[in-house]
Amino acid sequence: MDNFREEVASKHNKTFNNIAYFMCWVFIVLFGIVGMTGLSSLMALQFSVSAVATFVIFGGLAILLFFKKDDLRIEYDYTFTNGELDVGKVFGNARRRLMTSLNMKNVETAGLVTHQSFQRFMNDSSVKKHNWFVNRDANLCYFYFVKENAKKENVKHAIILELSDEMLAMAKPYLKFGVWQG
């Protein structure tokens, strides 16, 4: 029998993000139209610095907003399978990027962020901190581990996740004795 659980952490209150996402699309269209007027002036062979500046600035802003708009709709996908925790970042319900795959045997310390042991890692500048959650008021927990990078150097990581009590109960037996704090 496999231990498997999958969860998605999404914002509880999406009102601000939905309004900002809608406004991004409005500005993409407006900046695109203004940028195209600059381009049409250039295509009509009426070269001017203002037409080039209009095309470059407003066209660039439209393109930048188009590529950054999905950052307003971020969710985290947590998948636990037999001692292996996969964390994925989902952009706008369309693209998914794997952030890490963590074996519970490699975790050196874990616990709730409300526990005093958590502050030790937050004050250590040599630890790379990864905040992979969307709700600050959720059940946040941390996992501290050391991972070897491409240069064969050991790098300390502390990841903060938004896991449910069910997933934590499923993950705890895979941790070494004394790893869970709190």
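Residues numbered from 1 in each chain as written. Predicted model: local features only at pLDDT ≥ 70, side-chain atom pairs only at ≥ 80, totals over all residues. Heavy atoms only, no water.

1. Structural notes on the packing of helix H1 (residues 15-43) against helix H2 (residues 49-68)
Then step 1. Between H1 and H2, whose axes approach to 7 Å, the crossing angle comes to 150°. As judged from the angle between their axes, H1 and H2 are roughly antiparallel. Taken as a pair, H1 and H2 cross one another with a handedness that is left-handed.
Then step 2. Looking at the contact of H1 with H2 residue by residue, the class counts come to 16 nonpolar, 7 polar and no charged. (Axes fitted to C-alpha atoms, helices over the stretch in contact; angles between N-to-C directions. Helix = DSSP H or I, 4+ residues; strand = E, 2+ residues; numbered from the N terminus. Parallel < 35°, antiparallel > 145°, perpendicular 65-115°, else oblique. Left-handed = near helix turned anticlockwise from the far one by under 90°. Nonpolar A, V, L, I, M, F, W, Y, C, P; charged D, E, K, R; others polar.)

2. Observations regarding the packing of aromatic side chains
Aromatic ring pairs are described here by two measures, namely the spacing of the ring centres and the angle between the planes.
Then step 1. Here the structure, examined in full by the defined rule, presents 8 aromatic pairs.
Then step 2. Three or more aromatic residues joined by ring pairs form one cluster here, namely Phe118, Phe121, Tyr142 and Tyr144.
Then step 3. In this arrangement the basic side chain of Arg73 is found over the ring face of Tyr21, its NZ or CZ atom lying 3.8 Å from the centre.
Then step 4. Positioned over the ring face of Phe91 is Arg95, at 4.9 Å from the centre of the ring. (Phe/Tyr/Trp six-rings, centres within 6.5 Å; stacked < 30°, edge-to-face > 60°. Lys NZ or Arg CZ within 6 Å of the ring centre and 35° of its normal.)

3. Quick look at the pairing of strand S7 (residues 140-148)
Then step 1. Of the pairings in the sheet, the one linking strand S5 (residues 107-112) to S7 comprises 5 bridges and is antiparallel in character. In the sheet register, Ala110 faces S7, and the bridge partner there is Phe143.
Then step 2. Direction of pairing for S7 relative to strand S8 (residues 154-162): antiparallel, over a ladder of 9 bridges. Looking at S8, one finds that Tyr144 is bridged to Ala158.
Then step 3. Between S7 and S8, which pair antiparallel and follow one another directly, the connecting turn spans 5 residues, one of which, Lys152, has a positive phi of 65°. (Pairing = 2+ DSSP bridges.)

4. Let's talk about the pattern of salt bridges
Then step 1. Counting across every chain of the model gives 6 salt bridges.
Then step 2. The closest approach of N and O atoms between Asp71 and Lys68, which form a salt bridge, is 4.0 Å.
Then step 3. In this structure Asp71 comes out as partly exposed when scored by relative accessible area, which is 35%.
Then step 4. Close ionic contact of Asp70 with Lys69 constitutes a salt bridge, the shortest N to O distance being 4.0 Å. Here Asp70 matches Lys69 in class, with each residue buried. (Salt bridge = Lys/Arg side-chain N within 4 Å of Asp/Glu carboxyl O. Buried < 20%, exposed > 50% of the residue type's maximum accessible area, 1.4 Å probe, protein only.)

5. As for the sheet that holds strand S3 (residues 84-91)
Then step 1. Read across the open sheet, the 4 strands follow the order S1-S2-S3-S4; overall the sheet is antiparallel. Of all the strands in the sheet, the pair left with one neighbour each is strand S1 (4-9) and strand S4 (95-103). The sheet shows a mean angle of 15° between the axes of neighbouring strands, taken without regard to direction.
Then step 2. For strand S2 (residues 74-81) and S3, the ladder comprises 8 bridges, and the chain directions are antiparallel. Bridging from a neighbouring strand, Ile74 pairs with Phe91 of S3.

6. Describing a nonpolar patch on the surface
Then step 1. A surface patch of nonpolar side chains, about 470 Å² in accessible area, is lined by Ile19, Phe22, Met23, Phe27 and Leu30.
Then step 2. As for its position among the elements, Phe22 is in helix H1.
Then step 3. When its relative accessible area of 55% is taken as the criterion, Phe22 is described as exposed. (Patch = residues over 30% accessible without salt bridge, like charges linked within 9 Å, V, L, I, M, F, W, Y side chains within 5 Å. Areas by Shrake-Rupley, 256 points an atom, 1.4 Å probe, with all protein chains shown as cover.)

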